[in-house]
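A look at the structure
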Amino acid sequence: MNATQPYDQTLEPGEDPSQAAAASLLAAGRADAAWALCRPVLAAGLRTPSWLALAGRALLALDRPAEAEPVLALAAGTAGVAEATTLGLFTLWGVALRRLGRVPQAEPVLRMAVRLSPTDAVCRSNLAAVLRVLDRLGEAEDEVRAALDLDPDLVNAHVNLASILMARGDFHGALSASRQALAREGAQAEALYTQAAALQALGDVAAAADAWAVGVAAHPQDARLAFGRANLDLARGDLAAGWAGYEARRTADPQRFRPPPALPAWRGKRLDGPLLIWREQGLGDELMFASCYDAAIAAAGSAVVRCDPRLTGLFSRAFPDAQVVAQASGADAPALAVGAAVAQVAAGSLPGLLRERLADFAKEGSGDGAGYLWALPDLVVHWRRRLAALDGAGPPTLKVGLCWRSGLDVESRAGRQPNLADWTPLLALPGVTVVTLMYVDTGEERAALGPRAPHHFPDLDQRDDLEGLAALLSALDLVVTVPTATGELAGALGVPVWRLAGELDVTCLGTGCRPWFPSMRIFRAGARGHQDIIADIARQVAALTAPRL
């Protein structure tokens, strides 16, 4: 998402020839030379808004937002309204905050920029970029369309519109907007990225592959383009190219992927000391990549596994030859302690070392659909009894767990996953008892369905009690789910899982299944809507109940 600087504004240098020279150098693309003139002025204590603005712009051009932000904050706080407007101080300050990842703080700053310059298309486009990151997509689209009404040729407004439409699932609109940007600036990196991503989302694999190739050729050092192409390579089953490009992920998205600890990267060989295996992504990805841990521990000789705190019990049983330690997450999490480890590897880097071919998955699996995790036996017995009690005095029913949407309730996912009411064909089946596998509040949805609503166990914390959830999943006959961590946990346990997936699911690695989880079956959307897929699932679940009826 592009957050742009104001138009090339000419600072008022007054009678100061040094300021005029610095402004000219910056306008000529010589940000380093401009900063060389600004630095001694600031060091001498001169704090006029024009000098501060010039220094902040130079630092932003040098990609040094951490240094630019306090300079621009001081400028915005000391300038009068007219001068702040002329210099674009609030826009510059907001851009610096956005680049630092301080997006909630950037929003009010950029709103002030819009209030000061309501007819400035750049200000509105910058605000739209921040609203997009905050997942307030309706507001973001309104702002960026207002920017385009003011300036139909503003490239970054077309770029931002493409990104917003992509997030809203309007892939045709995203493709059109990215091409509008490219018609005005043919090598614009973000537009090249969104064009390729939109083509991929529309299922035009050949055109997407060409678009990624064009983008990477135009910007060979752009990590986002390399990472985007890697995801298509993986989706097509080109594991060698895909895993190689996947290593660009931390540079491509540093807000999502944390940096590695200060240890040499593991190369897949035996070590003289423990290997540190650390999580870098969310719970679902951690569970998927953990299917590689056994092979990594065996290859390295010994290991320390740092995992989500909720998984320590499950992982300790699964990997008895490793030391399993909880790893905090979030922006305030401390740096990883390396202990006695002599090398490190991120969980997401293991497939590139250990699963370069699809045959490597089969080689490590048992072939019987068994998972690599197992629940506590006493808890599984407990949940089987509770599930059996739902049948009352009647005959046993098929116990199906249903997770109908991700627990991440954000605008970018709205309308892209089915609602509970859409699952009525499954919920109405005779001989089937459906239970909720949701860790968010679904009370209103369940109440609206009355007696057809799935059963809910309010005493189980499905978000934080993963031992309890693992036992419940293990006691079920089947789990039906959209892409969620709950489905990944069921697959890791070897529970039969039916997963609704897009036509081009990267994690299927070019196959019709999930090689990570042998017990998982894929129902692809393709051109079908939710209702058609759900009806198909309901028919096949009904067939499973036939021997019971």
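Here's a quick rundown of the structure. (Residues numbered from 1 in each chain as written. Predicted model: local features only at pLDDT ≥ 70, side-chain atom pairs only at ≥ 80, totals over all residues. Heavy atoms only, no water.)

As a further point, take helix 6 (residues 89-99). Of all 11 residues that make up helix 6, 10 are buried, and the element is covered over most of its length. Listed in full, the buried residues belonging to helix 6 are Leu 89, Phe 90, Thr 91, Leu 92, Trp 93, Gly 94, Val 95, Ala 96, Leu 97 and Arg 98. If you follow the buried residues of helix 6, they end up packed against helix 3 (49-61), helix 4 (65-78), helix 5 (81-87), helix 7 (103-116) and helix 8 (121-133). A positive backbone phi angle near 80 degrees is found at Gly 101, which sits one or two residues after helix 6. (Buried < 20%, exposed > 50% of the residue type's maximum accessible area, 1.4 Å probe, protein only. Helix = DSSP H or I, 4+ residues; strand = E, 2+ residues; numbered from the N terminus. Contact = heavy atoms within 4.5 Å.)

Helix-helix packing is characterised by the crossing angle of the two axes and by the distance between the axes. Running from amino to carboxyl end, helix 12 (residues 189-201) crosses helix 13 (residues 205-218) at an angle of 165 degrees, the nearest separation of the two axes being 8 Å. When the axis of helix 12 is compared with that of helix 13, the two are roughly antiparallel. The crossing of helix 12 and helix 13 is left-handed. For the pair helix 12 and helix 13, contact is made by Leu 192, Tyr 193, Gln 195, Ala 196, Ala 197, Leu 199 and Gln 200 and by Ala 207, Ala 208, Ala 211, Trp 212, Val 214, Gly 215 and Ala 218, respectively. (Axes fitted to C-alpha atoms, helices over the stretch in contact; angles between N-to-C directions. Parallel < 35°, antiparallel > 145°, perpendicular 65-115°, else oblique. Left-handed = near helix turned anticlockwise from the far one by under 90°.)

Tallied over the full model, the rule gives 30 salt bridges. The closest approach of N and O atoms between Arg 124 and Glu 143, which form a salt bridge, is 2.9 Å. Within this pair, whereas Arg 124 is found in helix 8, its partner Glu 143 is found in helix 9 (residues 137-150), the two being separated by 19 residues in sequence. For the pair shown, Arg 124 and Glu 143 are each scored as buried. In this structure, Arg 279 and Glu 286 form a salt bridge, with 2.7 Å as the shortest nitrogen-oxygen distance. The buried category is assigned to Glu 286, whose relative accessible area is 2%. Overlapping salt bridges, with partners in common, bring together Arg 279, Glu 286, Asp 308, Arg 310, Arg 463 and Asp 464 in one network. (Salt bridge = Lys/Arg side-chain N within 4 Å of Asp/Glu carboxyl O.)

Here the structure, examined in full by the defined rule, presents 2 cavities of 30 Å³ or more. Computed from the structure, the largest cavity encloses a volume of approximately 40 Å³. Around the largest cavity, the lining residues are Ala 84, Thr 85, Gly 88, Leu 89, Phe 90, Thr 91, Ala 113, Leu 116, Ser 117 and Cys 123. Counting only elements with at least two residues in the lining of the largest cavity, the list comes to helix 5, helix 6 and helix 7. When residues in the lining of the largest cavity are grouped by element, the largest group, 3 residues, is from helix 6. Among the residues forming the lining of the largest cavity, the class breakdown is 6 nonpolar, 4 polar and no charged. The volume enclosed by the second largest cavity comes to roughly 30 Å³. Of the residues in the lining of the second largest cavity, the class split is 2 nonpolar, 2 polar and 3 charged. (1 Å grid on protein atoms, 1.4 Å probe; cavity = no way out; pocket = protein on both sides within 12 Å on 5 of 7 lines; lining within 4 Å. Points joined across faces, edges and corners; volume = space filled by probe spheres on them. Nonpolar A, V, L, I, M, F, W, Y, C, P; charged D, E, K, R; others polar.)

The next subject is helix 18 (residues 293-300). Owing to its 3.6 residues per turn, the α-helix brings residues three or four apart onto one side. Residues of helix 18 that are buried: Tyr 293, Ala 296, Ile 297 and Ala 300. Taken around the axis of helix 18, the buried residues stretch over an arc of 100 degrees, which confines them to a single face. Against strand 1 (275-278), helix 17 (283-289), strand 2 (303-307), helix 19 (312-318), strand 3 (322-326) and helix 20 (350-354) lie the buried residues of helix 18. Two residues or fewer past helix 18, Gly 301 is found with a positive phi of approximately 105 degrees. (Arc of directions from axis to C-beta.)

In contact at an axis separation of 9 Å, helix 4 and helix 6 are set at 150 degrees when each is read in the N-to-C sense. As summarised for this structure, helix 4 and helix 6 are arranged roughly antiparallel, according to the angle between their axes. Helix-helix and strand crossings are classified by hand; for helix 4 and helix 6 the assignment is left-handed. Here helix 4 contributes Pro 65, Glu 69, Leu 72, Ala 73, Ala 75 and Ala 76 to the contact with helix 6, which in turn contributes Leu 89, Phe 90, Leu 92, Trp 93, Ala 96, Leu 97 and Arg 99. Residue composition of the contact of helix 4 with helix 6, by class: 11 nonpolar, no polar and 2 charged.

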